[in-house]
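Per-entry structural report
What follows is the residue order along each chain.
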Amino acid sequence: MNEREANMGDIDGDDTAMETPELPLEIIIYILSFLHASDRKEASLVCRSWYDASQDLCFQKNITFRFPASTSSVELIRGLGHRSRCSLIISQLDGFSISRSLLLEVGVCLGPQLDSLALPASSITEASLLTLLPRLTSLRRLDLRGLDSLFMSGAFLSREEHRQQVRSALSGLEELDLSDLRYLSDLTFNRLTSCTPHLRRLSLAGCHIAFEFDPYRGCPVGEGQDSSALLSLRNLRRLLTEQTSTLVALDLSRTSITPESLRTVAQVQGLVLEELCLQGCKELTDYSVEVLVKHQPGLQRLDLSACTELTSRAVLAIALGLKGLEHLSMSRDWRVTEKGLAELVSLSSLRSLDLSECLHVSGTEMVKGLRGPDAAKAHLETLSLKSCTYIRDLAVFSLAQLLGSNLRELDLTSCVYLTDLSVRAIATYLQGLVVLRLGWCKEITDWGLLGMVEPTKECKPAKEMEDKGPSFTRTFGNMGFFRPPSMPFQERPKLVTEGDLGLFRQQEGASLLALSRLQELDLSACSKLTDSSITQVLRYPDLQRLSLSMLPQLSDASLASVALHCRSLTSLALSHCPGISDNGVAQAAPYLKRLQHLVLSYCDNITDRSLSLLVQHCKRLRTLDITMCKDISITTVDLLQSQLPFLENVHCRFVGGADLTLTL
């Protein structure tokens, strides 16, 4: 007996004898390859070997580091020097010494390793950028959008020696973003693009481009010398001609391009575009789209959003002329109707279609197209019908059946006539969905999310709602007056009872639980939803973004349940939810370790206690909205900002019971 105890004592005392053998690094790398980036980051904190595996080169592709300019950013840049490749987004740079030293460190420590550089919300000097650019010998993407400080003087790259240095470094640059530059001119544009001879993508969105008439010289574009005041179509055409062998993507969104100018661009000899963005170009017509399709039949991605003069004639031209089209956006093209959509959705290559705010679209022709002879070839993955108010349950039911498991993203926001039938159809046929947006669909109830039929409702879609006209009543004291019929939104649904929930747990219905792959869900303003469905259905381990704003019947029970079952959440919106209180935050916060964006505006029962809980548990919080939370003090807000290292923005207007009359 004593010998046995002695042996056990030896085992207990020797910790190393009981250690589990370490897995080979290659096996750990293989295991980590199945994880999302955020999960892989958590796993890297387990031990040294897991950290080393997470730093393998196969995980270092397309990694972008984003941070504002500050004194601490210098050490961060030095720490990135060991990486073979990386990309940077540095904001809030200016002409002072901290920004200059920061850019110098980027050039010294990361010059040959840098793939991409963006400088948003900055106002750097020409000298600072000219010191940096010659060191970036492997740069593939350069984003200078909105950097008016570089181009205001018109002297950028005016010296030949500077151009030679920049040209030798940027000869391999593939993407150049010059969006929203007010002072871009022919001269500065020519100097910069002469240093980038192999561009594949060019963005001039929001730039002041003279397409037909030069207001400064009072003559048509194309006459005289290059302008020092604005960019002209002549110079743009010259660049396209020079770089036809490489250029495949062009962005002219929010410019005043005319149909004739678009024709000039499309007809450039040898130019074969794959992507073209013309968002917000309000002067374009159906004829210009027909010309574009004729001369650029190889387009794979086309954005014509907010081109308000376009009609279904343009849709038909696209469907017949762009057989290789993969992504099309015609959002806010209000004149587009059903015509041409059958041919469009029949394109076998089409993967993404955005028809949001096309008010005359009802989905009928799309269903016809998907049922046509080419239906078996359709592989639509993303569909947006946001604010298409003619969409009804029958259309959603049919589209869900026809699109099936291929669809990954569906946006039905503000399709106000959709009911529980649409939700059941989505849960039954679209179980591959990753993104689902049903915000402002106010007829959706708990029954739809639970996949159950309300006892007083029919379960089949009605092809049309029969209009029986107003119902007249003759009552004593109300002779001759009529009572208008009750509207659907005025009817309150039958409440879900505990017995109903017991039945739900026993049966296998088409509840929203079937969408197990969801990463984003928007149920904001679905005002008939209650805790009965939210607590039972919202159980998605991979869900990252969730909006439950403007649900007046939501309580702390729903918040606690969501946090417990959706622990991957990075964004949560609970605006205008009066039932959410500190108790709900106390139950939820310990499970929301990954939360980065939280909206609690207009939640009257949120106090300083909730902010203390966020400081304790949500260390990764980046943005917080507590607007109009009257029981939160400015002192607690300041304490929150000082203790959360990643916090960037706190929206705290009118907190602490501020008197709104003083702001009117």
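Here, every reference points to the structure presented above.
Quick look at the environment of D303
Inspection of the secondary structure assignment puts D303 in strand β13 (residues 301-303). You can call D303 buried: its relative accessible area is 17%. Along the sequence, D303 and S331 sit 28 residues apart, while their C-alpha atoms lie 8.6 Å from each other. In this structure the side chain of D303 is engaged in a polar contact, spanning 2.7 Å, whose partner is the side chain of S305.

A look at helix α13 (residues 286-295)
Here α13 has its buried residues at D286, S288, V289, V291, L292 and V293. Where α13 is buried, its residues contact α12 (259-266), β12 (275-277), β13 and α14 (312-321).

Topic: helix α25 (residues 634-643)
Buried residues of α25: T636, V637 and L640, and no others. Around the axis of α25, the buried residues are gathered within 105° of arc, so they sit on the same side. Those residues of α25 that are exposed and aimed more than 90 degrees away from the buried face are T635 and S642. The inward-facing, buried residues of α25 abut α24 (608-617), β25 (623-625) and β26 (649-651).

Some words on the pairing of strand β2 (residues 86-91)
With five of six residues buried, β2 lies mostly within the body of the structure. Of the strand pairs in this sheet, strand β1 (residues 64-68) and β2 are connected by five bridges, and their pairing is parallel. When the bridges of β2 are listed, P68 appears paired with S91. Regarding topology, helix α5 (residues 71-79) serves as the crossover connection from β1 to the parallel β2, and that connection is right-handed. Sheet analysis places β2 next to strand β3 (residues 114-118), joined by four bridges and oriented parallel. For I89, the partnering residue across the bridge sits in β3 and is A118. Handedness of the crossover joining β2 and β3 through helix α6 (residues 97-110) is recorded here as right-handed.

Criteria and cut-off values
- Residues numbered from 1 in each chain as written.
- Predicted model: local features only at pLDDT ≥ 70, side-chain atom pairs only at ≥ 80, totals over all residues.
- Heavy atoms only, no water.
- Helix = DSSP H or I, 4+ residues; strand = E, 2+ residues; numbered from the N terminus.
- Buried < 20%, exposed > 50% of the residue type's maximum accessible area, 1.4 Å probe, protein only.
- Polar contact = N/O pair within 3.5 Å; in protein donor to acceptor, adjacent residues only side chain to side chain.
- Contact = heavy atoms within 4.5 Å.
- Arc of directions from axis to C-beta.
- Pairing = 2+ DSSP bridges.
- Right-handed = clockwise from strand over helix to strand, strands pointing away.

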